[in-house]
Number of protein chains: 2
Amino acid sequence: MYQILLKCLLFNGLNSSEIEELLESFTYRKRKFVKNELIATSGNIVKGINILIAGDVRGEMVDFGGKIIKIEDMQTPKVLAPAFLFGKNNVYPVDIIANCNVEILFIHKDSFLKILQLNKAVLMNYLNIISNQSQFLSTKIKFLSFHSIKGKFAHYIINLSNQSNEKEIFLPLSQSKLASLFGVTRPSLSRVIRELNDTKIISAKGKKLKILDETALIEFLS
Amino acid sequence: MYQILLKCLLFNGLNSSEIEELLESFTYRKRKFVKNELIATSGNIVKGINILIAGDVRGEMVDFGGKIIKIEDMQTPKVLAPAFLFGKNNVYPVDIIANCNVEILFIHKDSFLKILQLNKAVLMNYLNIISNQSQFLSTKIKFLSFHSIKGKFAHYIINLSNQSNEKEIFLPLSQSKLASLFGVTRPSLSRVIRELNDTKIISAKGKKLKILDETALIEFLS
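Residues numbered from 1 in each chain as written. Chains lettered and ligands numbered in written order. Predicted model: local features only at pLDDT ≥ 70, side-chain atom pairs only at ≥ 80, totals over all residues. Heavy atoms only, no water.

Colleague: I'd love a proper account of the interface of chain A and chain B, names of residues and values included.
Modeller: At the junction of the two partners, chain A supplies 36 residues and chain B supplies 36 residues. Both sides together, the interface formed by chain A and chain B hides about 3400 Å², and carbon and sulfur atoms give 69% of it. On the surface where chain A and chain B come into contact, there are zero salt bridges. Here chain A and chain B share eleven residue pairs in polar contact (both at pLDDT 80 or more) between them. Taken together, the elements giving at least two residues each to the side of chain A that touches chain B come down to helix H3 (109-118), helix H4 (120-144) and helix H5 (149-164) of chain A. By residue class, the composition of the side of chain A that touches chain B is 17 nonpolar, 16 polar and three charged. (Contact = heavy atoms within 4.5 Å. Buried area = accessible area lost by both parts, 1.4 Å probe. Salt bridge = Lys/Arg side-chain N within 4 Å of Asp/Glu carboxyl O. Polar contact = N/O pair within 3.5 Å; in protein donor to acceptor, adjacent residues only side chain to side chain. Helix = DSSP H or I, 4+ residues; strand = E, 2+ residues; numbered from the N terminus. Nonpolar A, V, L, I, M, F, W, Y, C, P; charged D, E, K, R; others polar.)

Colleague: Before we move on, could you go through the sheet that holds strand E1 (residues 29-33) of chain B and cite the residues and values that matter?
Modeller: All names here are of chain B. Strand order in the open sheet made by the four strands is E1-E8-E3-E6, with antiparallel pairing throughout. Of all strands in the sheet, those bounded by a partner on one side alone are E1 and strand E6 (79-80). Bridging between strand E3 (residues 48-54) and strand E8 (residues 102-108) involves six bridges; their strand directions are antiparallel. When the sheet's bridge partners are listed, Ile 49 is paired in E8 with Ile 107. Contacts from helix H3 (residues 109-118) reach E3 and E8 within the one sheet, and its direction differs from that of E8 by about 75 degrees. (Pairing = 2+ DSSP bridges. Axes fitted to C-alpha atoms, helices over the stretch in contact; angles between N-to-C directions.)

Colleague: An account of the nonpolar core is requested, with residue identities and associated values reported.
Modeller: Leu10(A), Phe11(A), Tyr126(A), Leu10(B), Phe11(B) and Tyr126(B) are the most contacted members of the largest nonpolar core, which totals 90 residues. Counting 27 residues, the second-largest nonpolar core is a separate cluster that includes Ile157(B), Leu189(B), Leu196(B) and Ile211(B). (Core = buried A, V, L, I, M, F, W, Y, C linked by side-chain atoms within 4.5 Å. Buried < 20%, exposed > 50% of the residue type's maximum accessible area, 1.4 Å probe, protein only.)

Colleague: Could you give an account of the packing of H4(A) against H3(B), with specific residues and numbers?
Modeller: Look at H4(A) against H3(B): their axes get within 11 Å of each other, and the N-to-C directions meet at 105 degrees. Taken together, the axes of H4(A) and H3(B) lie roughly perpendicular to each other. Across from Lys120(A), Leu123(A), Met124(A) and Leu127(A) in H4(A), the residues of H3(B) making contact are Leu113(B), Leu116(B) and Gln117(B). (Parallel < 35°, antiparallel > 145°, perpendicular 65-115°, else oblique.)

Colleague: Any details on the sheet that holds strand E9 (residues 168-170) of chain B? Residues and values, ideally.
Modeller: Residues and elements named next belong to chain B. The sheet built from three strands is open, its strands ordered E9-E11-E10 with antiparallel pairing. In the strand order of this sheet, the two ends are held by E9 and strand E10 (202-205), each with one partner. Ignoring strand direction, the axes of neighbouring strands in this sheet form an average angle of 20 degrees. Sheet topology places E10 next to strand E11 (residues 208-211); four bridges connect them, and they run antiparallel. Residue pairing in the sheet places Lys 205 in a bridge with Lys 208 of E11.

Colleague: So what's going on with the relation of the copies chain A and chain B? Which residues, and what values?
Modeller: With an RMSD of 0.1 Å, the fit of chain A onto chain B corresponds to turning through 180 degrees and sliding 0.0 Å along the axis. The operation mapping one copy onto its partner corresponds to a two-fold rotation axis. A share of 100% of interface residues in chain A that are also interface residues in chain B marks the association as one of identical surfaces. (Least-squares fit on C-alpha atoms with pLDDT ≥ 70 in both.)

Colleague: Residues and numbers for H5(A), please.
Modeller: An ideal rise of 1.5 Å per residue puts 22 Å on 16 residues; H5(A) measures up with 23 Å between its terminal C-alpha atoms. Taken together, the buried positions of H5(A) are occupied by Ile149(A), Gly151(A), Lys152(A), Phe153(A), Ala154(A), His155(A), Tyr156(A), Ile157(A), Ile158(A), Leu160(A) and Ser161(A). (Expected span 1.5 Å × (residues − 1).)

Colleague: An account of the pattern of salt bridges is needed here, citing residue identities and associated values.
Modeller: Inspection of the entire model under this criterion finds six salt bridges over all chains. Its salt-bridge partner being Glu60(A), residue Arg58(A) comes within 2.7 Å of it at the nearest N-O pair. The burial state of Arg58(A) is the same as that of Glu60(A); both residues are buried. The shortest N-O distance in the salt bridge between Lys167(B) and Glu214(B) comes to 2.3 Å. Pair noted here: Lys167(B) is in the loop between helix H5 (149-164) and E9 and Glu214(B) is in helix H8 (residues 214-219), with a separation of 47 residues, a long-range link. Under the relative-accessibility criterion, Glu214(B) is labelled partly exposed at 22%.

Pasting the structure below:
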């Protein structure tokens, strides 16, 4: 287990004996689930930190028509719903379901708070995890105001180009991360990038990209 | 200053002598700004926690056309950009400008981390503040997928009614908070509520509300 936790962002900077020592000073539980078992129900209170230590899970929602919508898959050694342990609305935002045989390390909120106070690295890691999520969501909201994928992508690359004051830019995110930020599918984003390349508005080669016609890009913003 | 900090969410549960004792054990600075002075620039690194202890400030963005967009006003004793102190993208998301004579308490990130480790209440408060923000943004994203205000409001009240299994519901948020969650103005939201009331789809009296025609509401969702 400690070998797996070494790769977990929450324990970044700790070695496996440090993780072991830290966890053994507090109470934790291991919970096992079989394929398709419900791990957590949307709306139920998050009572502690859940770390996936074997297998993978999916987040699902049921819409008003009773249709099941898959939100995302999460793999070992991910922390589940980290930004929902504290705050006023500290409930699971979605149902969490096992995709296969799954094992989860559970640390109660009280013990977790003690760990945060005891270990500066874990505190920093946890603050980074939840701040990253908040920053991701707040950027995502900006992009949701542009209805077309071209508008979202144009906004993104003009911003990057303005920051560096260069027409040549390097995309810091993979296409699938970028698609998730824009709230679109990866294939539709790829199609838009190919189209902008073919119409000579940009030239794109992997993550390297050059803005050729900024005026045309700006027109996509309105 | 300690009387003002008593009302700051970050020091919730502490009395003024506890706040004084805590702050005096660490280094902090007071920074003063005059009306319209730039306090922080969008894109610059957030080096510590900034708490407004006198006056009020505004967040502003400049769009690609050079137009200034006001994002929000923040009043004493608000913590500025709390979710941008940690994380990969720990920069101010907007320009922050003084609306009048302003005083800010600044605590460097290193000292702030020590305070978090030393004082469990402040740690919990800070985790609550940034988790609340993340939860607010993640709910907001759900509502942004409905383009009409009627769709957003219908989704919101059907959800509340399903949670309690009652047709009569009590709005837990004020109309202006709700408008901010939906990303719309308060007057437009009021108009929609009035219209739904006048067409007998709901009956609304202040924060008390009854769903009269759920089928009509569900139609607004598509």
